[in-house]
Amino acid sequence: MNGVEKMSEKMSEQIEEKISKALDTEMTRRQFMKISGKGLMGLTVSASLLSLFGCTQQQIDNGEVATWAMPQGLLVVNAAKCVGCQRCEINCTLVNDGVASTYISRVKVQRNITLNGEHGLYGNKDWVYFPDTCRQCKDPACGNACPQGAIYANDNGIRVVDQEKCIGCGACVQACPWHMPTVNPETHKSSKCIACGACVQGCPAGALSIIPWDEVTAAAQEVHK
Amino acid sequence: MSTNYGWAGKILRVNLTTGSVTTEDTAKYQDYIGGMGLAYKIMYDEVPLTTKAYDEANKIIFGVGPLTASGVPCSGRMNVTTLSAWTKGYSILDGHMGGHIAHNFKYAGYDALVIEGKAAGHVYIKIDDDKVTIESAEHTWGMGTFDTNRIMIEENGSDFDVVSIGQAGENLVNYSCMLTSSCDSAGAGTAAVLGSKNVKSVVVRGTGNVKIANPAEFKELCDYMLRELIGGNNNHNVPAVPQSWAEYSAPSGNNRWAGAPGRVWGLAEGGPIDMGEQPYDDINKIAYRCMKGQFDFGDIAQKYMVKVGGCSSCPVRCYAEYEMAPLAEYELPTRVSNTCMPIIYNTTWYPEGVKDFVDEGDASIIINGAGERALDNFGVWENYGNLLREFNWCYKHGVFERVLPKEEFDAVPWDLMKEGNPKWMWWIIEQIATKKGEISHLGDGTYLLAERWNLGQEFWDDNYMQTISYNGYPRHHGSEDVYQVGVLYSIMYNRDCMIHHMINIVGSGCPYEVYKKTLEDEFGEGCVDMPKKYTPMNRSKARLAKWAFIGKQWHDSATVCNWMWPMTQSPAKSRNYKGDHDLDAKFMSAVTGDKWTRADVDLASERISNMLRVMTAISFNINEGSTNLREDHDTICNWVFDKEPEFKAFEEGTVKLDRADMELAKDMFYEEMGWDVKTGIPTRATLERVGLGYMADDLAARGLLPA
């Protein structure tokens, strides 16, 4: 029912390994690859993992919950909990840019609040709005499209924009199926999520949370005791 | 000081008569901070107070300030200033709105939008960063705000925000407001001023940013505020019901920190979401504190709540967002949301009572849902409940039989009202918004309505009406909450005061002895009375009243939310529940890079407060022939002193005030403000102290400056 469903099945190999290690006792790596970076809809998740993710099976069945694999853990986004306050966007830009902004934020809420598809406060006037961010694709359309080769995977497997090389052409913005990179109109440089966690730290609703990998592993193993 | 940080740096002017779009530097207005203060300076300089609200020469100014959208929690407010069309003296007033539009506006690069002149056709103003155009609104003119806003976003893009007037603003209804579709509204008739200029909407997208001088320090301050200072809605600092981490909870069991374990958003996508406990220092749980639906309607709200909303930057979500299925049977919209009068007061439209819909006790919530959509669709403002009370009062006093032509009276669908049908509100609110029939004069406003329908002294002095002054607006937390102090600031403006400084404290549920100490440490012994046991006026109370009054001007200029700020209290036992009144200055320093102190904040607040006072004095002189604000503006309706006849003033259990004591209260308050005690008009010494010597000259030239 919302934008968190449609996500890439690709992600960096380093992260794949972490997920695989964390979850191989609960489900096959292939299964988790299908759910990572997309909505969990269609999957039955164990009670211990539900508890860890702070969500319900019904929320998963409704397509409200998505997960993103990150170096420091699994990013869980629960759209039903998003209250639209945009503190994630503000914290993202305060920490990464030293300014307050929504447009250049690496996590995106503003563009979903008024209208997202049929939804949003100004569309069907329903209460569907949510944060959205980089899928950390294994085969990144943004990086592939960059004429400068400015988008590269750092030591943690996170794709970042080399600010020296970036010429602000916007090819990455166009190439990304979700238009997640953003060219800063002031600096003319592109930026994208670097998995710093500032958005999660400041989310007053816990709609964004990062579950450390050891906890994910422990919860997964608990099922099999 | 410079406007490199905090301020956007530019003021946008759109002249609808000439079609010109220009910008100017904000720097020359910096002494007036932003929002309200900046707008008052522009109005004073450019719009003679002889101008009428709907004249082409009037201007309407949207303003934000250096803290707006900076990331300061609860900084999503926009101030809208213009001239009053409906209160005695027809002086300057403001509407105020939250939501997401202030952020967009600031990020588009502007501190203010000054709308001048009058368009030849119906238009909307499109602000896309530095591309500003005047576009045709012929296709949305005549529509309600929800349809208009949807069309504006569909046409312009999902990263825009928009505020529109409804039919009430188009038809120059004094009781009108402009709305976003998250139902944030600037009221007080500001929409009709837009309507008089043929402006339907203001559409805005901002891809820019607010520069922060010391971002790391600033982020720390934000986290400090969120971990140690902020409470629930209205900054209530203890939870309504006990939580395991909390020493106190509200004795009444009800306040605006209503979230608690077992209380749910029942219609959340994917099943109910439990509010759980919200330990005061857990940033990731703050959004579950408020649960305004629970505060407004009790447990029944859980059945219809989907989630909560509010303003950009604010973690305390004071808007309950509902899906009310029972309204579908009446072919009315089911998705409703608001936080204040438009969603809590609509049963007043039913003097014969309301009836339940599905569950026992659900009449109020369902009627309020329907009323919210009606008021907000047509863009009708209700003068903090006076519109509804005026209808109710007139119904009960047989006024409609007297003033409506018989044919009109007989055609009113009274049956809808008597059967508690929610469509009744849609009918009567549409009459008001479209100026149909004599009954639509309910939209004229208290002051003009009383005269037109000859409602008499009984109308003004009825305790039920809650009209605080003979200028035509109600108390907004007055004597019923903070006695003399509440009345003093309720009569200072040219609309209801919108000051929440004290209700935030006395309504918090925190023990009296605890908040008494917090306030007495700053304002002196006896500044705040025990509930229902008030004492005669004293100097400490005058200081307290001044703090609240000038603080409101700071909030509307900086801008931060007066429902949350100032941070007087704290939910932290380790702080003895005491907040931090230096926080505004700390934020100003971190944002702007200039050293700000509490004294700097207070001086700016006093400056703006005196601008309000001087402009009010000039308007009252021009329009009422008055040379004395104390006698002609600062009036207090008799019910304040005559209510609860079984009590004498000062007796335990009453909130009725004493006339002589209230005159003493005015004396002391004027003295604290540096105003002439006889006339209530600022002295030259005061005006010069706050940097308004030119206003003293103006008053002198008009014969209004106190000797």
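Residues numbered from 1 in each chain as written. Chains lettered and ligands numbered in written order. Predicted model: local features only at pLDDT ≥ 70, side-chain atom pairs only at ≥ 80, totals over all residues. Heavy atoms only, no water.

Novice: Explain the overall build of chain A here, please?
Specialist: The helix and strand inventory of chain A stands at ten helices and eight strands. By the burial criterion, 62% of the 225 residues in chain A qualify as buried. Nonlocal contacts in chain A, meaning residues at least 24 apart in sequence, comprise 60% of its contacts between residues at least 6 apart. Of the roughly 8,500 Å² that chain A leaves accessible, carbon and sulfur atoms contribute 50%. (Helix = DSSP H or I, 4+ residues; strand = E, 2+ residues; numbered from the N terminus. Buried < 20%, exposed > 50% of the residue type's maximum accessible area, 1.4 Å probe, protein only. Contact = heavy atoms within 4.5 Å. Areas by Shrake-Rupley, 256 points an atom, 1.4 Å probe, with all protein chains shown as cover.)

Novice: Got a minute to help me understand the pattern of salt bridges in this structure?
Specialist: Side-chain pairs of opposite charge can arise whenever the charged atoms involved come near each other. Residue and element names in this part refer to chain B. In total, this model carries 48 salt bridges over all chains according to the counting rule given. With its nearest N and O atoms 2.7 Å apart, the salt bridge here joins glutamate 606 to arginine 689. Within this pair, whereas glutamate 606 is found in helix H22 (residues 598-624), its partner arginine 689 is found in helix H26 (residues 684-689), the two being separated by 83 residues in sequence. Owing to a relative accessible area of 7%, glutamate 606 belongs among the buried residues under this scheme. Its salt-bridge partner being aspartate 697, residue arginine 684 comes within 3.0 Å of it at the nearest N-O pair. Here arginine 684, found in helix H26, pairs with aspartate 697, found in helix H27 (residues 693-701); they are 13 residues apart in sequence, far enough to count as distant. You can call arginine 684 partly exposed: its relative accessible area is 29%. Several salt bridges share partner residues, and in doing so they unite Arg13, Glu24, Lys28, Glu46, Lys59 and Glu116 into one network. (Salt bridge = Lys/Arg side-chain N within 4 Å of Asp/Glu carboxyl O.)

Novice: Mind showing me how you'd approach unusual backbone geometry here?
Specialist: The general pattern is negative phi for most residues beyond glycine and trans for most peptide bonds. All names here are of chain B. The omega torsion of the bond from alanine 558 to threonine 559 falls at -15°, within 30 degrees of zero and hence cis. Tracing the chain through its elements places threonine 559 in the loop between helix H20 (539-558) and helix H21 (583-592). Following tryptophan 565, the chain continues to proline 566 via a peptide bond in cis, the omega torsion being -5°. Within the secondary structure layout, proline 566 lies in the loop between H20 and H21. Residues other than glycine seldom take positive phi values, yet asparagine 234 does so here, at roughly 55°. Despite not being glycine, asparagine 383 shows a phi value in the positive range, around 50°. Within the element layout of this structure, asparagine 383 appears in the loop between helix H9 (363-378) and helix H10 (386-396).

Novice: Would you mind going over the sheet that holds strand S18 (residues 335-338) of chain B with me for this structure?
Specialist: Residues and elements named next belong to chain B. Overall, antiparallel pairing links the three strands, which are arranged S16-S17-S18 in an open sheet. The open sheet is flanked by strand S16 (305-309) and S18, the only strands paired with a single partner. Pairwise comparison of adjacent strand axes, ignoring direction, gives a mean angle of 20° for this sheet. Here strand S17 (residues 319-323) runs beside S18; their pairing, made up of four bridges, is antiparallel. Within the sheet, the bridge partner assigned to alanine 320 lies in S18 and is asparagine 338. Strands S17 and S18 of the sheet are contacted by H9, whose axis makes an angle of about 80° with S18. (Pairing = 2+ DSSP bridges. Axes fitted to C-alpha atoms, helices over the stretch in contact; angles between N-to-C directions.)

Novice: Would you take a moment to explain the sheet that holds strand S1 (residues 65-70) of chain A for this structure?
Specialist: In sheet architecture, strand pairing relies on hydrogen bonds along the backbone and comes in two forms, parallel and antiparallel. All names here are of chain A. Pairing is antiparallel in the open sheet, where three strands are placed in the order S1-S2-S8. Edge positions in the open sheet fall to S1 and strand S8 (208-211), since each of these has one partner strand only. Neighbour to neighbour, the strand axes of the sheet diverge by 25° on average, direction disregarded. Sheet topology note: the strand S2 (residues 73-78)/S8 ladder contains four bridges and is antiparallel. Note that in S8 the partner of valine 77 across the bridge is leucine 208.

Novice: When you look at the environment of tryptophan 547 of chain B in this model, what are you seeing that I'm missing?
Specialist: Residues and elements named next belong to chain B. Tracing the backbone shows tryptophan 547 in helix H20. For tryptophan 547 and isoleucine 343, which are 204 residues apart along the polypeptide, the C-alpha to C-alpha distance reads 30 Å. Residues within four places of tryptophan 547 in sequence aside, it is in contact with His501, Met502, Ile505, Phe523, Pro566, Thr568, His581 and Arg598.

Novice: How should the nonpolar core be read in this particular structure?
Specialist: Generally speaking, nonpolar side chains in soluble globular proteins are found buried as a group. Membership of the largest hydrophobic core comes to 273 residues, with the highest contact counts inside it found for Phe62, Ile127, Met178, Tyr322, Trp349, Phe400 and Phe549 of chain B. In terms of residues, this core owes the most to one element, H22 of chain B, which gives ten residues. If we skip the residues at most four places from it in the chain, tyrosine 322 of chain B touches Trp127 of chain A together with Gly293, Phe297, Ala301, Tyr304, Met305, Val306, Thr334, Arg335, Val336, Ile343 and Ile365 of chain B. (Core = buried A, V, L, I, M, F, W, Y, C linked by side-chain atoms within 4.5 Å.)

Novice: What should I look at first to understand the packing of helix H17 (residues 479-490) of chain B against helix H25 (residues 659-673) of chain B in this one?
Specialist: For any two helices packed against each other, the geometry is given by the interaxial angle and the distance between the axes. Residues and elements named next belong to chain B. Axis separation between H17 and H25 bottoms out at 10 Å; the angle between their running directions is 60°. Considered as vectors, H17 and H25 are oriented oblique to each other. As H17 packs across H25, the resulting crossing turns out to be right-handed. Of the residues in H25, those touching H17 at Gln484, Val487 and Leu488 are Asp661, Met662, Ala665, Lys666 and Phe669. For the contact of H17 with H25, the class distribution of residues is five nonpolar, one polar and two charged. (Parallel < 35°, antiparallel > 145°, perpendicular 65-115°, else oblique. Left-handed = near helix turned anticlockwise from the far one by under 90°. Nonpolar A, V, L, I, M, F, W, Y, C, P; charged D, E, K, R; others polar.)

Novice: Help me understand the packing of aromatic side chains in this model?
Specialist: The way to describe two aromatic rings as a pair is by their centre distance and the angle between their planes. Residue and element names in this part refer to chain B. Inspection of every chain in the model, using the stated rule, returns 37 aromatic pairs over all chains. For the ring pair phenylalanine 378 and tryptophan 426, a centre distance of 5.7 Å and an interplane angle of 70° mean the geometry is edge-to-face. Residue phenylalanine 378 is found in helix H9, and its partner tryptophan 426 is found in helix H14 (residues 423-433); the two are separated by 48 residues along the sequence. The burial state of phenylalanine 378 is the same as that of tryptophan 426; both residues are buried. Between tyrosine 670 and tryptophan 675, the aromatic rings sit 6.1 Å apart at their centres with planes inclined by 35°, giving tilted as the arrangement. Classification of tyrosine 670 by relative accessible area gives buried; the value is 1%. The class of tryptophan 675 is buried, set by a relative accessible area of 3%. (Phe/Tyr/Trp six-rings, centres within 6.5 Å; stacked < 30°, edge-to-face > 60°.)

Novice: Where do I start with the side chain of asparagine 156 of chain B in this structure?
Specialist: Residue and element names in this part refer to chain B. Structurally, the position occupied by asparagine 156 is in helix H3 (residues 145-156). Of note is the side chain of asparagine 156, whose polar atom sits 3.1 Å from the side chain of lysine 126. A polar atom in the side chain of asparagine 156 sits 2.9 Å from the backbone oxygen of methionine 152. The contact partners of asparagine 156, leaving out residues within four places of it in the chain, are Tyr124, Lys126 and Val203. (Polar contact = N/O pair within 3.5 Å; in protein donor to acceptor, adjacent residues only side chain to side chain.)

Novice: Teacher, can you tell me more about the pairing of strand S4 (residues 78-83) of chain B here?
Specialist: Two faces make up the sheet, and in a regular strand the side chains alternate between them. Residue and element names in this part refer to chain B. Most of S4 is tucked away, with six of its six residues classed as buried. Both strand S3 (residues 60-63) and S4 contribute to a ladder of three bridges, which runs antiparallel. Across the sheet, the residue bridging to isoleucine 61 is threonine 81, located in S4. When S4 meets strand S5 (residues 92-97), the two strands line up antiparallel, connected through six bridges. Bridging from a neighbouring strand, valine 80 pairs with glycine 95 of S5.

Novice: Explain the confidence of the model for chain A to me, please; I cannot follow it from the model alone.
Specialist: Low-pLDDT stretches of the model should not have their predicted coordinates read in fine detail. Residues and elements named next belong to chain A. On average, chain A scores 82 in pLDDT, and the residues at 70 or more come to 78%. Low pLDDT (under 50) marks residues 1-12, which in the prediction has 59 contacts with non-local residues, meaning those over four places away or in another chain. The model gives residues 24-34 a pLDDT under 50, and that stretch makes 17 contacts with residues more than four places away or in other chains. (pLDDT = per-residue confidence, 0-100.)

Novice: What should I look at first to understand the interface of chain B and chain A in this one?
Specialist: Frequently, the measure chosen for interface size is the accessible area that the parts lose on association. Taken together, the 64 residues of chain B in the interface contact 48 residues of chain A. Both faces considered, chain B and chain A share a buried interface measuring about 4,200 Å² in area, 54% of it formed by carbon and sulfur atoms. Inspection of the region where chain B meets chain A yields 36 residue pairs in polar contact (both at pLDDT 80 or more). Among the secondary structure elements, those contributing two or more residues to the side of chain B that touches chain A are helix H2 (101-107), H3, strand S9 (161-165), strand S13 (210-211), helix H6 (215-229), S16, S17 and S18 of chain B. Per-element tally for the side of chain B that touches chain A: the top contributor is H6 of chain B, with six residues. Taken together, the residues of the side of chain B that touches chain A break down into 28 nonpolar, 21 polar and 15 charged. (Buried area = accessible area lost by both parts, 1.4 Å probe.)

Novice: Can you walk me through the pairing of strand S6 (residues 112-116) of chain B in this structure?
Specialist: Residue and element names in this part refer to chain B. For S6, a buried count of five out of five residues is recorded, marking the element as mostly surrounded by other parts of the structure. Burial of S6 is two-sided: the residues Ala112, Val114 and Glu116 facing one way and the residues Leu113 and Ile115 facing the other way are all buried. Two strands pair when backbone bridges link them, and strand S1 (residues 10-15) and S6 are joined in this way by five bridges, in the parallel orientation. Bridge pairing links leucine 12 to leucine 113 in S6. Here S3 pairs with S6 via four bridges, running antiparallel. Note that in S6 the partner of isoleucine 60 across the bridge is isoleucine 115.

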